[in-house]
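# A structural walkthrough
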Amino acid sequence: MPLVGYVLYPGQQIYLECHGKEQIAILEKVMENENRIFLATQKEVIGTRNGEILQEDLFSVGIVAEIKHLQKKNQNTAKILVEGIERASLISLTSENGVFFADIQRYPDSKIEHKEMQETEEDKEFERALVRTLKRLFTTYTRFVPQISGNVVKTVKSLGEPDKLVDYISSHVMLDSQVKQRLLELTNPIDRMVMLSNSLEEEISVINYEIEINEKLRSKVDKNQREYYIREHIHLLQNELG
(Lines give C-alpha, C1' and ligand atoms only; values in the text may rest on other atoms or scores of the structure.)
Protein backbone atom coordinates (compact mmCIF):
# COMPACT_ATOMS: atom_id res chain seq x y z
CA MET A 1 0.00 0.00 0.00
CA PRO A 2 1.24 3.52 -0.79
CA LEU A 3 1.74 6.02 2.03
CA VAL A 4 1.31 9.71 1.16
CA GLY A 5 3.57 12.16 3.01
CA TYR A 6 4.27 9.64 5.75
CA VAL A 7 7.12 7.24 6.56
CA LEU A 8 6.51 4.27 8.86
CA TYR A 9 9.24 2.77 11.07
CA PRO A 10 9.62 -0.60 12.79
CA GLY A 11 7.64 -0.66 16.03
CA GLN A 12 5.44 2.29 15.04
CA GLN A 13 1.66 2.01 14.81
CA ILE A 14 -0.61 4.10 12.57
CA TYR A 15 -4.20 4.01 11.29
CA LEU A 16 -4.80 3.87 7.53
CA GLU A 17 -7.96 4.19 5.49
CA CYS A 18 -8.67 1.69 2.73
CA HIS A 19 -11.15 2.21 -0.10
CA GLY A 20 -12.81 -0.28 -2.44
CA LYS A 21 -14.48 -3.65 -1.92
CA GLU A 22 -11.61 -5.52 -3.61
CA GLN A 23 -8.93 -3.96 -1.40
CA ILE A 24 -10.90 -4.62 1.79
CA ALA A 25 -11.55 -8.23 0.75
CA ILE A 26 -7.82 -8.76 0.10
CA LEU A 27 -6.91 -7.27 3.51
CA GLU A 28 -9.40 -9.57 5.22
CA LYS A 29 -7.77 -12.56 3.51
CA VAL A 30 -4.32 -11.29 4.53
CA MET A 31 -5.46 -11.14 8.15
CA GLU A 32 -6.60 -14.75 7.96
CA ASN A 33 -3.17 -15.87 6.72
CA GLU A 34 0.29 -14.30 7.13
CA ASN A 35 -1.21 -10.97 8.29
CA ARG A 36 1.55 -8.92 6.65
CA ILE A 37 1.40 -6.07 4.14
CA PHE A 38 4.10 -3.93 2.53
CA LEU A 39 3.93 -0.14 2.90
CA ALA A 40 6.03 2.25 0.80
CA THR A 41 5.98 6.04 0.77
CA GLN A 42 4.84 7.77 -2.37
CA LYS A 43 7.26 10.27 -3.88
CA GLU A 44 6.25 13.93 -4.02
CA VAL A 45 6.10 14.20 -7.82
CA ILE A 46 3.43 11.98 -9.36
CA GLY A 47 2.71 11.93 -13.07
CA THR A 48 -0.75 12.73 -14.39
CA ARG A 49 -2.04 9.21 -15.09
CA ASN A 50 -5.57 9.56 -13.73
CA GLY A 51 -4.38 8.71 -10.24
CA GLU A 52 -2.61 5.51 -11.31
CA ILE A 53 0.49 4.72 -9.26
CA LEU A 54 3.47 2.93 -10.78
CA GLN A 55 6.53 1.43 -9.13
CA GLU A 56 8.69 4.46 -9.97
CA ASP A 57 6.26 6.63 -7.99
CA LEU A 58 7.22 4.86 -4.77
CA PHE A 59 10.45 4.83 -2.78
CA SER A 60 12.14 1.45 -3.15
CA VAL A 61 12.58 0.95 0.62
CA GLY A 62 9.49 0.50 2.75
CA ILE A 63 8.12 -1.42 5.71
CA VAL A 64 6.61 -4.85 6.19
CA ALA A 65 3.76 -4.24 8.62
CA GLU A 66 1.34 -6.36 10.63
CA ILE A 67 -2.37 -5.58 10.47
CA LYS A 68 -3.43 -5.32 14.12
CA HIS A 69 -7.07 -4.45 13.53
CA LEU A 70 -9.52 -3.86 10.68
CA GLN A 71 -12.76 -1.93 11.12
CA LYS A 72 -15.25 -1.51 8.32
CA LYS A 73 -16.98 1.86 8.07
CA ASN A 74 -19.15 0.72 5.18
CA GLN A 75 -18.91 -1.65 2.20
CA ASN A 76 -16.31 0.53 0.44
CA THR A 77 -14.31 2.00 3.33
CA ALA A 78 -12.36 0.47 6.18
CA LYS A 79 -9.81 1.63 8.75
CA ILE A 80 -6.86 -0.56 9.65
CA LEU A 81 -4.32 -0.33 12.45
CA VAL A 82 -0.86 -1.45 11.31
CA GLU A 83 2.47 -1.84 13.11
CA GLY A 84 5.83 -1.67 11.36
CA ILE A 85 7.83 -4.92 11.64
CA GLU A 86 10.94 -4.63 9.47
CA ARG A 87 12.37 -2.82 6.46
CA ALA A 88 12.17 -4.33 2.98
CA SER A 89 13.10 -3.43 -0.61
CA LEU A 90 10.49 -3.22 -3.35
CA ILE A 91 11.46 -5.45 -6.29
CA SER A 92 8.34 -5.23 -8.45
CA LEU A 93 4.82 -3.85 -8.23
CA THR A 94 1.61 -4.81 -10.03
CA SER A 95 -1.97 -3.71 -9.53
CA GLU A 96 -5.35 -5.24 -10.23
CA ASN A 97 -8.68 -3.49 -9.66
CA GLY A 98 -6.99 -0.88 -7.49
CA VAL A 99 -5.22 -3.49 -5.33
CA PHE A 100 -1.41 -3.52 -5.27
CA PHE A 101 0.71 -6.68 -5.16
CA ALA A 102 4.40 -6.27 -4.31
CA ASP A 103 7.40 -8.55 -4.69
CA ILE A 104 9.82 -7.60 -1.92
CA GLN A 105 13.10 -8.65 -0.44
CA ARG A 106 14.36 -8.33 3.11
CA TYR A 107 16.48 -5.21 3.69
CA PRO A 108 20.08 -5.62 4.97
CA ASP A 109 20.12 -6.03 8.75
CA SER A 110 22.11 -3.11 10.12
CA LYS A 111 22.70 -4.93 13.42
CA ILE A 112 24.45 -7.82 11.64
CA GLU A 113 26.50 -5.44 9.48
CA HIS A 114 27.44 -3.44 12.56
CA LYS A 115 28.58 -6.55 14.45
CA GLU A 116 30.73 -7.66 11.53
CA MET A 117 32.68 -4.39 11.63
CA GLN A 118 35.93 -4.47 13.56
CA GLU A 119 35.15 -1.85 16.20
CA THR A 120 37.88 -0.23 18.22
CA GLU A 121 37.34 1.09 21.72
CA GLU A 122 37.33 4.57 20.20
CA ASP A 123 34.49 3.54 17.84
CA LYS A 124 32.46 2.20 20.76
CA GLU A 125 33.00 5.40 22.73
CA PHE A 126 31.93 7.46 19.71
CA GLU A 127 28.74 5.40 19.43
CA ARG A 128 27.96 5.87 23.13
CA ALA A 129 28.54 9.60 22.76
CA LEU A 130 26.16 9.73 19.78
CA VAL A 131 23.47 7.90 21.75
CA ARG A 132 23.79 10.43 24.60
CA THR A 133 23.77 13.36 22.18
CA LEU A 134 20.68 12.08 20.39
CA LYS A 135 18.79 11.62 23.65
CA ARG A 136 19.78 15.11 24.82
CA LEU A 137 18.70 16.72 21.54
CA PHE A 138 15.36 14.91 21.62
CA THR A 139 14.74 16.03 25.20
CA THR A 140 15.46 19.63 24.15
CA TYR A 141 13.17 19.24 21.13
CA THR A 142 10.26 18.03 23.29
CA ARG A 143 10.35 21.27 25.30
CA PHE A 144 9.07 23.04 22.19
CA VAL A 145 6.57 20.31 21.26
CA PRO A 146 4.17 19.74 24.18
CA GLN A 147 2.24 17.10 22.20
CA ILE A 148 5.06 14.63 22.91
CA SER A 149 4.20 12.89 26.17
CA GLY A 150 6.48 12.30 29.11
CA ASN A 151 6.17 8.54 28.54
CA VAL A 152 7.78 8.95 25.11
CA VAL A 153 10.71 10.83 26.68
CA LYS A 154 11.07 8.08 29.31
CA THR A 155 11.13 5.42 26.60
CA VAL A 156 13.82 7.28 24.67
CA LYS A 157 15.96 7.55 27.81
CA SER A 158 15.64 3.78 28.35
CA LEU A 159 16.69 2.79 24.81
CA GLY A 160 20.31 1.83 24.23
CA GLU A 161 20.33 0.12 20.83
CA PRO A 162 21.12 2.76 18.15
CA ASP A 163 18.72 1.49 15.48
CA LYS A 164 15.77 1.22 17.85
CA LEU A 165 16.59 4.67 19.22
CA VAL A 166 16.64 6.21 15.73
CA ASP A 167 13.43 4.46 14.70
CA TYR A 168 11.58 5.51 17.85
CA ILE A 169 12.70 9.14 17.82
CA SER A 170 12.11 9.49 14.07
CA SER A 171 8.53 8.29 14.50
CA HIS A 172 7.82 11.07 17.03
CA VAL A 173 9.46 14.13 15.47
CA MET A 174 8.18 16.43 12.73
CA LEU A 175 10.77 16.10 9.98
CA ASP A 176 10.42 16.40 6.22
CA SER A 177 9.28 13.09 4.70
CA GLN A 178 12.38 13.05 2.46
CA VAL A 179 14.59 13.16 5.57
CA LYS A 180 12.56 10.43 7.26
CA GLN A 181 12.79 8.28 4.15
CA ARG A 182 16.57 8.68 4.06
CA LEU A 183 16.77 7.69 7.73
CA LEU A 184 14.77 4.58 6.91
CA GLU A 185 17.09 3.68 4.02
CA LEU A 186 20.42 4.09 5.82
CA THR A 187 21.84 0.81 7.12
CA ASN A 188 24.78 2.00 9.23
CA PRO A 189 23.51 2.90 12.73
CA ILE A 190 26.26 5.50 13.17
CA ASP A 191 25.24 7.25 9.95
CA ARG A 192 21.60 7.14 11.04
CA MET A 193 22.35 8.70 14.43
CA VAL A 194 24.53 11.41 12.90
CA MET A 195 21.85 12.34 10.35
CA LEU A 196 19.07 12.39 12.93
CA SER A 197 21.18 14.45 15.34
CA ASN A 198 21.90 17.01 12.62
CA SER A 199 18.22 17.13 11.66
CA LEU A 200 17.14 17.68 15.27
CA GLU A 201 19.72 20.45 15.71
CA GLU A 202 18.37 22.17 12.61
CA GLU A 203 14.77 21.84 13.82
CA ILE A 204 15.65 23.23 17.26
CA SER A 205 17.51 26.13 15.62
CA VAL A 206 14.53 26.93 13.38
CA ILE A 207 12.10 26.78 16.32
CA ASN A 208 14.31 29.12 18.37
CA TYR A 209 14.50 31.53 15.44
CA GLU A 210 10.71 31.48 15.06
CA ILE A 211 10.30 32.20 18.79
CA GLU A 212 12.76 35.10 18.50
CA ILE A 213 10.86 36.57 15.53
CA ASN A 214 7.51 36.21 17.31
CA GLU A 215 8.87 37.95 20.41
CA LYS A 216 10.20 40.84 18.30
CA LEU A 217 6.86 41.15 16.48
CA ARG A 218 4.93 41.06 19.75
CA SER A 219 7.26 43.68 21.23
CA LYS A 220 6.79 45.90 18.17
CA VAL A 221 3.01 45.53 18.32
CA ASP A 222 3.00 46.34 22.06
CA LYS A 223 5.16 49.41 21.41
CA ASN A 224 2.88 50.61 18.61
CA GLN A 225 -0.17 50.09 20.81
CA ARG A 226 1.40 52.06 23.65
CA GLU A 227 2.34 54.89 21.30
CA TYR A 228 -1.18 54.92 19.86
CA TYR A 229 -2.69 55.04 23.33
CA ILE A 230 -0.42 57.96 24.36
CA ARG A 231 -1.23 59.90 21.18
CA GLU A 232 -4.96 59.41 21.70
CA HIS A 233 -4.66 60.42 25.35
CA ILE A 234 -2.77 63.61 24.45
CA HIS A 235 -5.33 64.35 21.74
CA LEU A 236 -8.19 64.05 24.27
CA LEU A 237 -6.41 66.30 26.77
CA GLN A 238 -5.80 68.93 24.11
CA ASN A 239 -9.49 68.89 23.18
CA GLU A 240 -10.55 69.28 26.81
CA LEU A 241 -8.13 72.16 27.35
CA GLY A 242 -9.30 73.85 24.15
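Residues numbered from 1 in each chain as written. Predicted model: local features only at pLDDT ≥ 70, side-chain atom pairs only at ≥ 80, totals over all residues. Heavy atoms only, no water.

Another point: the overall build of the protein chain. Broken down by element type, the protein chain carries seven helices and six strands. Listed by position from the N terminus, the elements making up the protein chain come as β-β-α-β-β-β-β-α-α-α-α-α-α. Across the 242 residues of the protein chain, 36% fall into the buried class. Sequence separation of at least 24 residues holds for 63% of the intrachain contacts in the protein chain that already meet a minimum separation of 6. Total accessible area computed for the protein chain in this model is approximately 15100 Å², and 50% of it derives from carbon and sulfur atoms. (Helix = DSSP H or I, 4+ residues; strand = E, 2+ residues; numbered from the N terminus. Buried < 20%, exposed > 50% of the residue type's maximum accessible area, 1.4 Å probe, protein only. Contact = heavy atoms within 4.5 Å. Areas by Shrake-Rupley, 256 points an atom, 1.4 Å probe, with all protein chains shown as cover.)

Membership of the largest hydrophobic core comes to 47 residues, with the highest contact counts inside it found for I37, L39, I80, V82, F138, I169 and L200. Setting aside chain neighbours within four positions, we find I169 in contact with L134, F138, V156, L196 and L200. Listed in part, the eight residues of the second largest apolar core include F38, A40, I53 and V64. (Core = buried A, V, L, I, M, F, W, Y, C linked by side-chain atoms within 4.5 Å.)

The end-to-end C-alpha separation of helix α1 (residues 21-32) is 17 Å, in line with the 16 Å expected for twelve residues at 1.5 Å each. Those residues of α1 not exposed but buried are Q23, I24, L27 and V30. Angular distribution of buried residues about the axis of α1 spans 115°; they occupy a single face of the element. Of the exposed residues in α1, those oriented more than 90 degrees away from the buried face are K29 and E32. Residues of α1 that are buried sit in contact with β2 (13-19), β3 (36-42), β4 (61-72), β5 (77-96) and β6 (99-106). (Expected span 1.5 Å × (residues − 1). Arc of directions from axis to C-beta.)

Before going further, it helps to spend a moment on the packing of helix α3 (residues 121-142) against helix α4 (residues 150-158). Contact pair α3 / α4: the axes reach a minimum separation of 10 Å and the direction vectors enclose 175°. Taken as axis vectors, α3 and α4 run roughly antiparallel relative to one another. Counted together, K135, F138, T139 and T142 of α3 and V152, V153, V156 and K157 of α4 form the full contact between these two elements. Among the residues making up the contact of α3 with α4, the classes are represented as four nonpolar, two polar and two charged. (Axes fitted to C-alpha atoms, helices over the stretch in contact; angles between N-to-C directions. Parallel < 35°, antiparallel > 145°, perpendicular 65-115°, else oblique. Nonpolar A, V, L, I, M, F, W, Y, C, P; charged D, E, K, R; others polar.)

With that settled, the discussion passes to the pattern of salt bridges. By the definition in use, this model includes ten salt bridges. Residues E17 and K73 are paired through a salt bridge, measuring 2.4 Å at the closest nitrogen-oxygen approach. A residue pair is termed long-range when its members are at least 10 positions apart, and E17 in strand β2 and K73 in the loop between β4 and β5 qualify at 56 residues. For K68, the salt bridge goes to E83, with nearest N and O atoms at 3.6 Å. (Salt bridge = Lys/Arg side-chain N within 4 Å of Asp/Glu carboxyl O.)

Glancing now at helix α6 (residues 177-185). For α6, the full list of buried residues reads K180, Q181, L183 and L184. What you see down the axis of α6 is that its buried residues fit within an arc of 160°, all on one side. The residue sitting at the N-terminus of α6 and contributing the capping side-chain oxygen is D176; that oxygen lies 2.8 Å from the backbone nitrogen of Q178. (Polar contact = N/O pair within 3.5 Å; in protein donor to acceptor, adjacent residues only side chain to side chain.)

Attention now goes to the environment of R143. Mapped onto the fold, R143 is located in the loop between α3 and α4. Each C-alpha atom, one on R143 and one on I204, is 9.8 Å from the other, the two residues being 61 residues apart in sequence.

Quick look at the pairing of β3 now. Most of β3 sits inside the fold, with six of its seven residues counted as buried. Relative to β3, strand β1 (residues 2-4) is paired through three bridges, and the arrangement is parallel. Looking at the pairing, P2 lines up with A40 of β3. (Pairing = 2+ DSSP bridges.)

The next subject is the pairing of β4. In terms of strand pairing, β3 meets β4 through four bridges, oriented antiparallel. Following the sheet pairing, I37 is matched in β4 by A65. Sheet topology places β4 next to β5; eleven bridges connect them, and they run antiparallel. Bridged to I67 within β5 is V82. Adjacent in sequence and paired antiparallel, β4 and β5 are bridged by four residues.

With that out of the way, let us pick up the packing of α4 against helix α5 (residues 162-170). For the pair α4 and α5, interaxial distance at closest approach is 10 Å and the crossing angle is 165°. Judged by the inter-axis angle, α4 sits roughly antiparallel to α5. Crossing of α4 over α5 shows left-handed handedness. Only L165, Y168 and I169 of α5 make contact with α4, whose side of the interface consists of V152, T155 and V156. (Left-handed = near helix turned anticlockwise from the far one by under 90°.)

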